[in-house]
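Each chain, letter by letter, is given below.
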Amino acid sequence: FIQMKILLRNNDLNEALLGVSNVGFVPTMGSLHNGHVSLIKKSLRYCNKTVVSIFVNPKQFNNKNDFKKYPRSEKRDLKILKKLKVNFVYIPTKKQIYNSKKKIKIHLSKKNKILCAKHRKGHFEGVIDVMIRLTEKIKPTKIFMGEKDFQQLLLVKQFIENNFKSKVISCKTIRDDNKLALSSRNLLLNKKNLTKAGRVSRNLINFKKRFSNKMISKRLILEKKVELEKNYNIDIEYLEMRDKKNLSISKKVNSSKIFIAYYLDKIRLIDNF
Ligand code: AMP
């Protein structure tokens, strides 16, 4: 049995990946849960070697305090990764990542400034920046990303596949028994709010189910927003139905997803159904 290697420096990374083909890469910000695990298992299944990165990327946080209180649990993460028999864990410092000048210009078009791009200024520019840097260093054949962050998945896929040979593979959202999407940020919620967040998810899943093969008007979405805010005492940043392929506003349920971002006791949660 070959032990999992922990790589802290770019030199270690280069050495470890020298001559290795068909590399799978799972980028994470740590505090691993079964959503991450499902991505990692897919990579282990389809690739010769799997690299998991743990890097809480300061550049993608539009709020300093949010960065500070983002949950971190490196010891536990390493235990999980070891058990999964991941080949390499890359844990860089900020300096290791941002050691070179940006080579690719990152510009979000106006049509992309929707949902989280509209509400978190600079967030996706930070995500794309770090993903370009990680992809340059690791040169993966496949990158595994979750549908939980659907807008991120589409934007990163577009940028990475336009500039590199790597393919971005989308992976289904993993939920708990209450239908709440697993998220590292759930660690910041108390038990009562975890249950409440699960109810919000279930409500929207049932809402969409009720209208399958049908249309949902903008007005009906707005009524749903008001209802959820009132019934669950949450602050909804956005609730919108958009086309799965190009994220344009849509009424057709079958070809669309419902996107939500909301605050529960100051914790910001996102999901899509
Ligand atoms: P994060 O550590 O939150 O940056 O997430 C790392 C990767 O895991 C991203 O590609 C996420 O979309 C994915 N991910 C996070 N939560 C889930 C989930 N519940 N199900 C599937 N993938 C997820």
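Residues numbered from 1 in each chain as written. Predicted model: local features only at pLDDT ≥ 70, side-chain atom pairs only at ≥ 80, totals over all residues. Heavy atoms only, no water.

A.B. asks: Explain the side chain of R185 to me, please; I cannot follow it from the model alone.
C.D. replies: For R185, the location among the structural elements is in the loop between β6 (167-171) and α9 (191-210). For R185, a relative accessible area of 15% gives the class buried. Dropping the residues within four chain positions of it, R185 is found in contact with F61, D66, Y70, P71, R120, I267, R268 and L269. (Helix = DSSP H or I, 4+ residues; strand = E, 2+ residues; numbered from the N terminus. Buried < 20%, exposed > 50% of the residue type's maximum accessible area, 1.4 Å probe, protein only. Contact = heavy atoms within 4.5 Å.)

A.B. asks: When you look at the site of the ligand in this model, what are you seeing that I'm missing?
C.D. replies: Taken together, 16 residues are adjacent to the ligand, and M29, H36, D149, I174 and L182 come closest. One of the backbone nitrogen or oxygen atoms of M29 is found 2.9 Å away from an oxygen atom of the ligand. In this structure, L182 approaches the ligand through a main-chain N or O atom, which is 2.8 Å from a nitrogen atom. In the complex, 92% of the free accessible area of the ligand, which totals 480 Å², lies under the protein chains. Listed by contribution, the elements that provide at least two residues to the shell around the ligand are β2 (23-28), α2 (34-46) and β5 (142-146). Examining the composition of the shell around the ligand, we find that three residues originate from one element, α2, more than from any other. Here the shell around the ligand is composed, by residue class, of seven nonpolar, six polar and three charged. (Near = heavy atom within 4 Å. Polar contact = N/O pair within 3.5 Å; in protein donor to acceptor, adjacent residues only side chain to side chain. Areas by Shrake-Rupley, 256 points an atom, 1.4 Å probe, with all protein chains shown as cover. Nonpolar A, V, L, I, M, F, W, Y, C, P; charged D, E, K, R; others polar.)

A.B. asks: Hey, could you run me through the pairing of strand β8 (residues 256-264) in this one?
C.D. replies: It is a general feature of regular strands that their side chains alternate between the two faces of the sheet. Counting buried positions along β8 gives eight out of nine residues, so the element sits mostly inside the fold. Where strand β7 (residues 235-243) meets β8, eight bridges bridge the pair, whose relative direction is antiparallel. Across the sheet, residue E240 finds its bridge partner in β8, namely F259. Bridge count between β8 and strand β9 (residues 267-272): six bridges; the pairing is antiparallel. In the sheet register, Y262 faces β9, and the bridge partner there is L269. A loop of two residues connects β8 with β9, the two strands running antiparallel in sequence, and D265 in this loop sits at a positive phi of about 50°. (Pairing = 2+ DSSP bridges.)

A.B. asks: How should I be thinking about the sheet that holds β5 in this particular structure?
C.D. replies: By way of backbone hydrogen bonds, the strands of a sheet pair with one another, either parallel or antiparallel. Spatial strand order, β1-β4-β3-β2-β5-β6: six strands in an open sheet with parallel pairing. Edge strands, defined here as strands with exactly one partner in the open sheet, are β1 (5-7) and β6. The average angle at which neighbouring strand axes cross in this sheet is 25°, direction not considered. In the packing of helix α1 (residues 10-17) onto the sheet, contacts are made with β1, β2, β3 (49-54) and β4 (88-90), and the angle to β4 comes to roughly 155°. The strands touched by helix α7 (residues 123-138) within the sheet are β2, β3, β4 and β5, with β2 carrying the most contacts at an inclination of about 150°. (Axes fitted to C-alpha atoms, helices over the stretch in contact; angles between N-to-C directions.)

By themselves these figures say nothing about function.
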